[in-house]
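# Results of the structural survey
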Amino acid sequence: MEILLGNYKLTTDRYNVIVEKKQTPKRKRSESGGQDYWISYGYYSNFTDAFLALLSFRMKDSDAKTLGELKIALDEASEEIVKTIQVQLKPSVKTAERG
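The shown structure was predicted, so the numbers you read here are calculated from the model rather than taken from an experiment. (Residues numbered from 1 in each chain as written. Predicted model: local features only at pLDDT ≥ 70, side-chain atom pairs only at ≥ 80, totals over all residues. Heavy atoms only, no water.)

## A short note on the packing of aromatic side chains
Short version of the rule: Side-chain rings of Phe, Tyr and Trp, where Trp is taken by its six-membered ring, are said to pair if the distance between their centres is within 6.5 Å; with planes under 30 degrees apart they count as stacked, over 60 as edge-to-face, and otherwise as tilted. Numbering of helices and strands runs from the N terminus; a helix is a DSSP stretch of H or I covering at least four residues, while a strand is a stretch of E covering at least two. For each residue, the accessible area found with a 1.4 Å probe, counting protein chains only, is set against the maximum for its type, and the residue is called buried under 20%, exposed over 50%, and partly exposed in between.
By the definition in use, this model includes four aromatic pairs. Here Y8 and F57 contribute two aromatic rings whose centre-to-centre distance is 6.3 Å and whose plane-to-plane angle is 10°, an arrangement assigned as stacked. Of this pair, Y8 sits in strand β2 (residues 8–12) while F57 is found in helix α1 (residues 47–61), placing the two residues 49 residues apart along the sequence. Overall, the relative accessible area of 15% leaves F57 in the buried class.

## Some words on the sheet that holds strand β3 (residues 17–23)
What counts here: Note on pairing: DSSP must find at least two bridges between two strands before they are called paired. Angles run from 0 to 180 degrees between N-to-C directions of axes, and those axes are lines fitted to C-alpha atoms, restricted for helices to the stretch in contact. For this analysis, residues touch if any pair of their heavy atoms sits within 4.5 Å.
Ordered in space as β1-β2-β3-β4, the four strands form an open sheet in which the pairing is antiparallel. Unpaired on one side and paired on the other, β1 (2–5) and β4 (37–44) mark the two borders of the sheet. Looking at each pair of strands side by side, their axes are set apart by 25° on average, direction ignored. Pairing of β1 with β2 involves four bridges; the strand directions are antiparallel. The residue of β2 that forms the bridge with E2 is T11. Strands β1, β2, β3 and β4 of the sheet are contacted by α1, whose axis makes an angle of about 160° with β2.

Right, here's the structure in full:
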């Protein structure tokens, strides 16, 4: 499974939910050949912990200078997560209704 959320994505393996962040190489002659690549930021045993970590990473990435700005950034990140999940669940729900 893969859920894209801006510069982050959640993937899963047999045991973990993995939070990864997209990186862009600073130099063209890098190990990735100048291509964007993903770095694992954390491994979590469930989606709840992974989503909380993702919100924490998004807060640290924000340019917020006040608590009000931080709240806005948190609200926007939360809304993006909810909308992304809703969009990705819709095809599954339709498929389940047919079956």
